[in-house]
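Descriptive analysis of the structure
Letter by letter, the chains look like this.
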Amino acid sequence: MPALVNDVDAGRQALAVKVVSVFDKNADRGLARIQAAVLVIDPETGQPWALLEGATLTAIRTAAASGAATRSIGAA
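Just so it is clear, the structure is predicted and the values come from calculations on it, not from any experiment. (Residues numbered from 1 in each chain as written. Predicted model: local features only at pLDDT ≥ 70, side-chain atom pairs only at ≥ 80, totals over all residues. Heavy atoms only, no water.)

Further remarks concern the overall build of the protein chain. The secondary structure content of the protein chain amounts to one helix and four strands. In the protein chain, the succession of α and β elements from N to C terminus is β-β-β-β-α. Against the 2.2 N^0.38 benchmark of 11 Å for 76 residues, the protein chain shows a C-alpha radius of gyration of 17 Å, more extended than a compact globule. Taking the principal axes of its C-alpha atoms as reference, the protein chain extends roughly 45 × 45 × 15 Å. Of all 76 residues assigned to the protein chain, the portion counted as buried reaches 16%. In the protein chain, the proportion of contacts linking residues at least 24 apart, taken out of those at least 6 apart, comes to 18%. About 6,000 Å² of surface is accessible on the protein chain, with carbon and sulfur atoms providing 60% of the total. For the protein chain, the distance from the average site of its 7 positive side-chain charges to the average site of its 7 negative ones is 14 Å. (Helix = DSSP H or I, 4+ residues; strand = E, 2+ residues; numbered from the N terminus. Rg over C-alpha atoms; globule rule 2.2 N^0.38 Å. Buried < 20%, exposed > 50% of the residue type's maximum accessible area, 1.4 Å probe, protein only. Contact = heavy atoms within 4.5 Å. Areas by Shrake-Rupley, 256 points an atom, 1.4 Å probe, with all protein chains shown as cover. Lys, Arg positive; Asp, Glu negative; His and termini not counted. Charge placed at Lys NZ, Arg CZ, Asp CG, Glu CD.)

Here strand β1 (residues 2–7) pairs with strand β2 (residues 12–22) via six bridges, running antiparallel. From the neighbouring strand, Asp7 faces β2, where its bridge partner is Arg12. A loop of four residues connects β1 with β2, the two strands running antiparallel in sequence, and Gly11 in this loop sits at a positive phi of about 70 degrees. Here β2 runs beside strand β3 (residues 34–41); their pairing, made up of eight bridges, is antiparallel. By the bridge assignment, Ser21 is partnered in β3 with Gln35. (Pairing = 2+ DSSP bridges.)

In space, the four strands of this open sheet follow the order β1-β2-β3-β4, with antiparallel pairing throughout. Every interior strand has two partners, whereas the edge strands, β1 and β4 (48–53), have only one. Averaged over all pairs of adjacent strands, the angle between their axes in this sheet comes to 15 degrees, without regard to strand direction. Contacts from helix α1 (residues 55–69) reach β2, β3 and β4 within the one sheet, and its direction differs from that of β3 by about 100 degrees. (Axes fitted to C-alpha atoms, helices over the stretch in contact; angles between N-to-C directions.)

Time to look at the confidence of the model for the protein chain. Of all residues in the protein chain, 92% attain a pLDDT of 70 or more, and the chain-wide mean is 86. Highest mean pLDDT in the protein chain belongs to β4 (95); lowest belongs to α1 (77). (pLDDT = per-residue confidence, 0-100.)

Now the structure itself:
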């Protein structure tokens, strides 16, 4: 899952790629079913800036998307 931050006025630019995999047998190993990593890259040079654990980001994003898509009772 690629992403580009391109806020030139604020001097913020970054390229990121998230890789997500599902391993159904991980529960037997005491590990999370969803494994993910996020690589943040300089968009001009390709130099890696950071490698982040991505399963937590995936969980937060999923919860946020569900909340945004859910219409509360009584809402028009």
